[in-house]
Amino acid sequence: MKNEIADLIARFLPLSGVEREIIASSIPIKSFEKGSILLREGQISRESYFNIEGIVRKYYVIDGEERTTEFYLEEEAISSLQSYNLKIPANHYLECVEDCRLAVLTYEMEQELFKKVDGFESLCRVSIEEELGAQQEKLARFMTSTPEERYLNLMKHQPALLQRVPQYYLASYLGVKPESLSRIRKRLSQKN
């Protein structure tokens with residue numbers, strides 16, 4: 001049987017037939033409905049995910065208001081690293097914005113795969129290092145740009161979000177109120 005996660009890993013890491021079967025049997029792909037909460041604030045994260053289809057958002061609740069800090073699209077890893085690795089309560093939520101198909105990995109399965117699949121641990125380490133670098137750049141861009149520049153950056157680098165995510169989530173992600181995002185969009189449309 002074809003396994004999407006084994007096929008994906010094989011793009012970056014040569015796998016034997018046995019290793020492909022180990023991955024296929026160790027990392028199930030599950031469906032989650034729109035609105036499903038994968039992780040709640042205060043819970044300890046027992047799973048990490050890899051997005052096959054759909055969008056997941058990460059958000060915090062601050063003074064009763066949701067603040068979106070990340071969207072995870074197809075072919076992106078999703079985890080609450082501190083909670084997952086240190087076994088401490090998460091301080092945020094992970095929610096499916098659309099119906100999603102996610103590869104699901106527990107910490108225990110991950111440790112077994114490190115032992116059974118040559119190069120899997122290195123692949124994960126390199127992936128995390130690349131993601132850390134990308135997050136550092138993203139934070140620096142956010143901190144040094146105006147809301148309009150953030151919106152233009154979103155249009156350039158993640159245009160799918162503009163069509164697939166509700167405006168109030170996008171506004172939160174850009175650090176503005178929905179009314180401000182409407183004004184930004186109107187101003188930009190008038191320039192064109």
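Please refer to the structure placed before this passage.
Residues numbered from 1 in each chain as written. Predicted model: local features only at pLDDT ≥ 70, side-chain atom pairs only at ≥ 80, totals over all residues. Heavy atoms only, no water.

> Sorry if this is basic, but what is going on with the overall build of the chain here?
A count of helical and extended segments in the chain gives nine helices and eight strands. Expressed along its principal axes, the backbone C-alpha trace of the chain runs to roughly 60 × 35 × 30 Å. Each of the 192 residues in the chain was classed as buried or not, and the buried ones make up 39%. Of all intrachain contacts in the chain linking residues separated by at least 6 positions in sequence, the fraction that spans at least 24 positions is 69%. Accessible area of the chain: about 11400 Å², with a carbon and sulfur share of 52%. Averaging the locations of the 26 positively and 30 negatively charged side chains of the chain gives two centres separated by 6 Å. (Helix = DSSP H or I, 4+ residues; strand = E, 2+ residues; numbered from the N terminus. Buried < 20%, exposed > 50% of the residue type's maximum accessible area, 1.4 Å probe, protein only. Contact = heavy atoms within 4.5 Å. Areas by Shrake-Rupley, 256 points an atom, 1.4 Å probe, with all protein chains shown as cover. Lys, Arg positive; Asp, Glu negative; His and termini not counted. Charge placed at Lys NZ, Arg CZ, Asp CG, Glu CD.)

> Mind showing me how you'd approach the side chain of R57 here?
By the secondary structure assignment, R57 is in strand β4 (residues 56-62). For R57, the side chain forms a polar contact with the side chain of T68, separated by 2.7 Å. Contacts of R57, omitting those with residues within four sequence positions, involve E66, T68, E70, F71, Y93, L94, E95, V97 and Y169. (Polar contact = N/O pair within 3.5 Å; in protein donor to acceptor, adjacent residues only side chain to side chain.)

> When you look at the packing of helix α8 (residues 167-174) against helix α9 (residues 178-191) in this model, what are you seeing that I'm missing?
Each pair of packed helices gets described by two things: the angle between the helix axes and the distance between those axes. Two numbers describe how α8 lies on α9: the axes approach to 8 Å, and their chain directions differ by 90°. With respect to α9, the element α8 is oriented roughly perpendicular. Contact residues: α8 offers Q167, Y168, L170, A171 and L174, while α9 offers P178, L181, S182 and R185. Looking at the contact of α8 with α9 residue by residue, the classes come out as six nonpolar, two polar and one charged. (Axes fitted to C-alpha atoms, helices over the stretch in contact; angles between N-to-C directions. Parallel < 35°, antiparallel > 145°, perpendicular 65-115°, else oblique. Nonpolar A, V, L, I, M, F, W, Y, C, P; charged D, E, K, R; others polar.)

> Is there a simple way to explain the pattern of salt bridges in this structure?
Pairing between side chains becomes possible if they bear opposite charge and their charged atoms approach one another. Evaluation of the coordinates by the stated rule reveals 16 salt bridges. For K116, the salt bridge goes to E112, with nearest N and O atoms at 3.7 Å. Residue K116 and its partner E112 are located together in helix α4 (residues 107-116), separated by four residues, close to a single helical turn. Under the relative-accessibility criterion, K116 is labelled partly exposed at 49%. (Salt bridge = Lys/Arg side-chain N within 4 Å of Asp/Glu carboxyl O.)

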